[in-house]
Amino acid sequence: MNETFANAKVIHTLPWNSDMVFAVAFIGNDKVAAANRRGDILVWNLPATGDKSPDPVRRLAGHTRAINCLLLSPDGKTLISAGNDLTVKFWDAALTTGEPGQVVLNDGFVRKDQGGTMGLKKVSGPPPPVTANVVVQKPLRELTGHKDWIWGLALSPDGKTLVTGDDSSEVIVWDTQTGAQRHRWKVKLWVRALDISPDGKTVVTAENFPQLKFKETDAGVRGWDVQTGELKFDVSEQLKLGMAAVRFSGDGKHLAICQGNIDREGEAGKVFLLDPKTGKTLRELKPPHFRGATDLVFHPDGQHLFTSGRDRLVKIWRLSDGQLVRDLGEQSKGQSEPLYAISITPDGKLLAAADGTGQILIYSLT
Amino acid sequence: MDPDQQSATCNLRHHISRRSLLKGMVVTAGGMAVANWGALFHSQTIAAEAKRTGKRCIMLYMEGGVSQIDTFDMKPGRPTAGEFRPMPTNVPGIQVCEFLPNIARHADKLGIIRSMRTKTPDHGPGGYYMHTGYHPSERFPHPEAGAMIAKYCENPESELPSFVKIGSGSGIYGAGYLGPQYDPFVLGDDGKLPGFASPSVPPEIQERRGELLSFMEQQFAEQRPGRPFASHRTAELRTIRLMRARQAFDVSGEWEKAKDRYGDSQFGRGCFTALKLVEAGVSFVEVGHRGHDTHMNNFPISKALYSTMDPAWGSLLDDLTERGLLDDTLVVWTSEFGRTPAINVRAGRDHFGRAWTVVLAGGGIKGGQYYGSTDRDGFEVAENPVSEADYLATIYKAMGVDHRAKHYLGTRPIWATEEGSRPIKELLG
């Protein structure tokens, strides 16, 4: 892999401007799934570089409200999603059959910023429909233990333990195979994001109470014992920021977290590397994103961290020294369309970024 | 109060009691009265009417512009619907946001005006408009509703201020031509008194000091009848009286028992303080709820906002009902404007004045009904548009205040609400 990612560029733009796309996950190295605010999941088969941007081929139907989280199981066989309908749903990631159906890729309202004042720019009627034929698939099963919006979803590397967290401050540890709840406990604030350590022993929660005017008491970062739910560390006092995403590296050597639960003015997208055992801040990665970071993912090479932001940038960071390798995209410091989520293929060659206008951008990283 | 500002409905030479003198009334040889923080220029007729009605008002002001589509004018199934769903209430046919379960219990008390059409989508002018009924560009010192209600509904015998604001985030628009005695007394966001309200000497000494000050300043006032002196004197007297009555603001003991119901938040405590103040006789209390200007992340932020707003508002209605105060206490839920039906790319809603919602309850309002409606996506009023002036006229009418009461600034007449304003008779009992 080229360490500078100098040749990285957008190779496909997948249009889906029905609504904001909040989550994205690759299925293998040649398929990508994305989930939007309406509760739809679409899957695209990605052609070789240079070909025309493809239409979606599958629609995963079942969620009834916004989907906040989407991930693929380590064996690549199961897609797992969760969101505001209080459910966690499991989908066959490889299935290609289903009921024939059609999706309209541009229904509803064109989303554009209205300048913050008048709100009179009612978008004209929907443009002529752009449709795609798909197969419609149902979930394999669902988990229903939450009573509030789910923002935290993580799977242990062996795929046996699923952890979820919600706005009622509830964290649930599930047995993935049986769907049984092994354990549940209350954290202090609403769960905005969480992850489980590769050794399966620690859950880190990024907690918040989302308000325009930030108060230090409205955010927290805590580590919990997966078996007992006991607090292992609390670094809220040190970080004092509303976080958007938290993630362990696959080898367990790194724990990364980024600020951005709410869109805020200025350099409000700080990125930190924490000690995976204690949560202590080891390094702040600079410069931060403007208006907030939204997601982060470790590259499979084990050497790089990628973050996305409301400034429409994807930042590539070198883990060894914390230096910024490069930015992908054009930076916007104003009120532009944010990037909400990113994902990288297992082979590290493609990156997907989902944005506020409903596009999924596919970057080649090679 | 400026000597050239007077109410056409009030007589300047009305009764002067010893008590009112003790409360700071200063009457000049020429019969001119200066401020006494609420009791002056108050005709016997109006005072008697205020005692008769005993009307009070609590305004819950959602600072920043509150979303109508996410609360009381939901559009399920439409592209503008957002992420919240409606839930049933105790009135068939009325639905509210799923995150307002405590308000849903009180729908039979709510008059929900879904057809506000207001003229400015900017915070400052919008706040001024919704508090006064007039556009700020007129360069005329209009009083905000709290001052007008204080003037006509206050208990002149009360030691308490007649107009209290809990938090100043919604703006301080003042008493305008009604004079400084009707200016709001502003508490902290949590309803706690400012530091100056704690006296440094015993109350009896403080009172004697006030009397002596009144005596000494009498001659001075006769020679200097302008507003600066009146305002200065008013501030002094307000402070002295506040020190006497400050225990009414101390809800800390009862709050410990109430906070589980109201929610342990600034707004919760503010609503509970408002309850205690109207119970003690304050005519108008405004409680601000910050943070509704959700240009971004509208749904998680609004959900968090409603988690503090709903239990406080619901418990306030519970307690007013249980104490037999709701019939005489108008509870207004309002803002400077609404928010756009369309959701922007930052998952936010922007400012919107063309079709939005305010809610009235108690104070004789006929509850359990909608007034007005919007089109299917919420972009336009479909029926019965309501202006800022109509809205305030409805509040004044419910409070027993003539919405067309005429006052004068010099020789210029000015009315409580502008010409053409109409109270919504369908909501008034």
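Here's a quick rundown of the structure. In this text the structure is predicted, and so the values were computed from the model without any measurement. (Residues numbered from 1 in each chain as written. Chains lettered and ligands numbered in written order. Predicted model: local features only at pLDDT ≥ 70, side-chain atom pairs only at ≥ 80, totals over all residues. Heavy atoms only, no water.)

**A look at the overall build of chain B**
Right, so step 1: Scanning chain B from terminus to terminus reveals 11 helices and 19 strands.
Right, so step 2: Across the 429 residues in chain B, those meeting the buried criterion constitute 63%.
Right, so step 3: Sequence-distant contacts in chain B: of pairs separated by 6 or more residues, those separated by 24 or more amount to 73%.
Right, so step 4: About 15,000 Å² of surface is accessible on chain B, with carbon and sulfur atoms providing 51% of the total. (Helix = DSSP H or I, 4+ residues; strand = E, 2+ residues; numbered from the N terminus. Buried < 20%, exposed > 50% of the residue type's maximum accessible area, 1.4 Å probe, protein only. Contact = heavy atoms within 4.5 Å. Areas by Shrake-Rupley, 256 points an atom, 1.4 Å probe, with all protein chains shown as cover.)

**Some points on the nonpolar core**
Residue and element names in this part refer to chain B.
Right, so step 1: With 64 residues, the main nonpolar core has Leu60, Phe72, Tyr262, Val285, Val287, Trp313 and Trp333 as its most contacted residues.
Right, so step 2: For this core, the leading source of residues is helix H10 (residues 298–322), giving 10 residues.
Right, so step 3: Leaving out residues up to four positions away in the same chain, Leu60 has contacts with Phe267, Cys271, Val287, Trp313, Leu316, Val331, Val332, Trp333 and Thr334.
Right, so step 4: Judged by nonpolar contacts, the second largest core, of 43 residues, contains Leu330, Leu360, Val386 and Ala416. (Core = buried A, V, L, I, M, F, W, Y, C linked by side-chain atoms within 4.5 Å.)

**Topic: the pairing of strand E24 (residues 293–298) of chain A**
Taken residue by residue, a regular strand's side chains alternate between the two faces of the sheet.
Residues and elements named next belong to chain A.
Right, so step 1: Within E24, six of the six residues are buried, which leaves it mostly tucked inside the rest of the structure.
Right, so step 2: Relative to strand E25 (residues 304–309), E24 runs antiparallel, the two being bridged by five bridges. Among the inter-strand pairings, Ala293 is bridged to a residue of E25, identified as Gly309.
Right, so step 3: What sits between E24 and E25 in their antiparallel hairpin is a turn of five residues, with Gly302 showing a positive phi close to 75°. (Pairing = 2+ DSSP bridges.)

**Overview of H10 of chain B**
All names here are of chain B.
Right, so step 1: Under the 1.5 Å per step criterion, the end-to-end length of H10 is 35 Å for 25 residues, consistent within 8% with the ideal 36 Å.
Right, so step 2: Along H10, the sharpest kink reaches roughly 25°, centred on Tyr306.
Right, so step 3: With respect to burial, H10 is a largely interior element, 22 of its 25 residues being buried.
Right, so step 4: Just past H10, the residue Gly324 takes up positive phi, approximately 70°. (Expected span 1.5 Å × (residues − 1). Bend = angle between axes of the 7 residues up to and from the residue.)

**Details of the sheet that holds strand E7 (residues 78–83) of chain A**
All names here are of chain A.
Right, so step 1: The strand order across the open sheet formed by four strands is E6-E7-E8-E11, and the pairing between neighbours is antiparallel. Strands with a single pairing partner mark the edges of an open sheet, and in this sheet they are strand E6 (67–72) and strand E11 (141–143). The average undirected angle you get between the axes of adjacent strands in this sheet is 20°.
Right, so step 2: Bridge count for strand E8 (residues 88–92) against E11 is three bridges, and the pairing is antiparallel. Its bridge partner lying in E11, Phe90 is registered against Arg141. (Axes fitted to C-alpha atoms, helices over the stretch in contact; angles between N-to-C directions.)

**With respect to the interface of chain A and chain B**
Right, so step 1: Contacts between the two partners involve 39 residues from chain A, matched on the other side by 38 residues from chain B.
Right, so step 2: Between chain A and chain B, roughly 3,200 Å² of surface is buried when both sides are summed, and carbon and sulfur atoms account for 59% of that area.
Right, so step 3: The three residues of chain A that bury the most area against chain B are Arg65, Trp149 and Leu212 of chain A, which together make up 18% of that side's buried surface.
Right, so step 4: Taken together, the links from chain A to chain B amount to five salt bridges.
Right, so step 5: Salt-bridge contacts for Glu98 of chain B lead to Arg65 of chain A; the nearest nitrogen and oxygen are separated by 2.4 Å.
Right, so step 6: Across the chain A-chain B interface, the total number found is nine residue pairs in polar contact (both at pLDDT 80 or more). (Buried area = accessible area lost by both parts, 1.4 Å probe. Salt bridge = Lys/Arg side-chain N within 4 Å of Asp/Glu carboxyl O. Polar contact = N/O pair within 3.5 Å; in protein donor to acceptor, adjacent residues only side chain to side chain.)

**Looking at the packing of aromatic side chains**
All names here are of chain A.
Right, so step 1: Enumeration according to the criterion identifies 19 aromatic pairs over all chains in this entry.
Right, so step 2: Where Phe5 meets Phe306, the ring centres are 5.4 Å apart and the plane angle is 85°; that geometry is what we call edge-to-face. Remark: Phe306 occurs in strand E25 and Phe5 occurs in the segment before strand E1 (9–14); sequence separation between them is 301 residues. Each member of the pair Phe5 and Phe306 is classed as buried. (Phe/Tyr/Trp six-rings, centres within 6.5 Å; stacked < 30°, edge-to-face > 60°.)

**Notes on the pattern of salt bridges**
Right, so step 1: A full pass over the atoms with the stated rule returns 41 salt bridges over all chains.
Right, so step 2: When the shortest N-O distance is used, the salt bridge between Arg291 of chain A and Asp263 of chain A registers 2.8 Å. Here Asp263 of chain A lies in the loop between strand E21 (255–259) and strand E22 (269–274) and Arg291 of chain A lies in the loop between strand E23 (281–289) and E24, a separation of 28 residues in the sequence.
Right, so step 3: For Asp263 of chain A, a relative accessible area of 3% corresponds to the buried category.
Right, so step 4: Connected through salt bridges with shared partners, the residues Asp19, Arg37 and Arg38 of chain A together with Glu83 of chain B form a single ionic network.

**Some points on unusual backbone geometry**
Residues and elements named next belong to chain A.
Right, so step 1: The omega torsion across Lys286 and Pro287 is 0°, close enough to zero to call that bond cis.
Right, so step 2: Following the sequence through the fold, Pro287 ends up in strand E23.
Right, so step 3: Of note, Arg312 is a non-glycine position whose phi angle comes to about 70°, a positive value.
Right, so step 4: Within the secondary structure layout, Arg312 lies in the loop between E25 and strand E26 (314–318).

**Focus on the environment of Arg38 of chain A**
Residues and elements named next belong to chain A.
Right, so step 1: Within the fold, Arg38 resides in the loop between strand E3 (31–36) and strand E4 (41–45).
Right, so step 2: In this structure, the C-alpha to C-alpha distance between Arg38 and Ala354, residues 316 residues apart in sequence, is 15 Å.
Right, so step 3: Within the structure, the side chain of Arg38 is placed 3.1 Å from the side chain of Asp19, a separation counted as a polar contact.

**Remarks on the side chain of Gln68 of chain B**
Right, so step 1: Structurally, the position occupied by Gln68 of chain B is in the loop between strand E4 (56–62) and strand E5 (86–88).
Right, so step 2: With sequence-adjacent residues up to four places away left out, Gln68 of chain B is seen in contact with Asp73, Met74, Gly338, Arg339, Pro341, Phe352, Ala355, Trp356 and Thr357 of chain B.

**Observations regarding the sheet that holds E26 of chain A**
Residue and element names in this part refer to chain A.
Right, so step 1: If you trace the four strands from one edge of the open sheet to the other, you get E24-E25-E26-E27, paired in antiparallel fashion. Edge positions in the open sheet fall to E24 and strand E27 (324–328), since each of these has one partner strand only. Across the sheet, the mean angle separating the axes of adjacent strands is 20° when strand polarity is ignored.
Right, so step 2: Pairing geometry for E25 and E26, over five bridges, is antiparallel. Directly across from Ser308, in E26, lies its bridge partner Val314.

That's the geometry; what it means functionally is another story.
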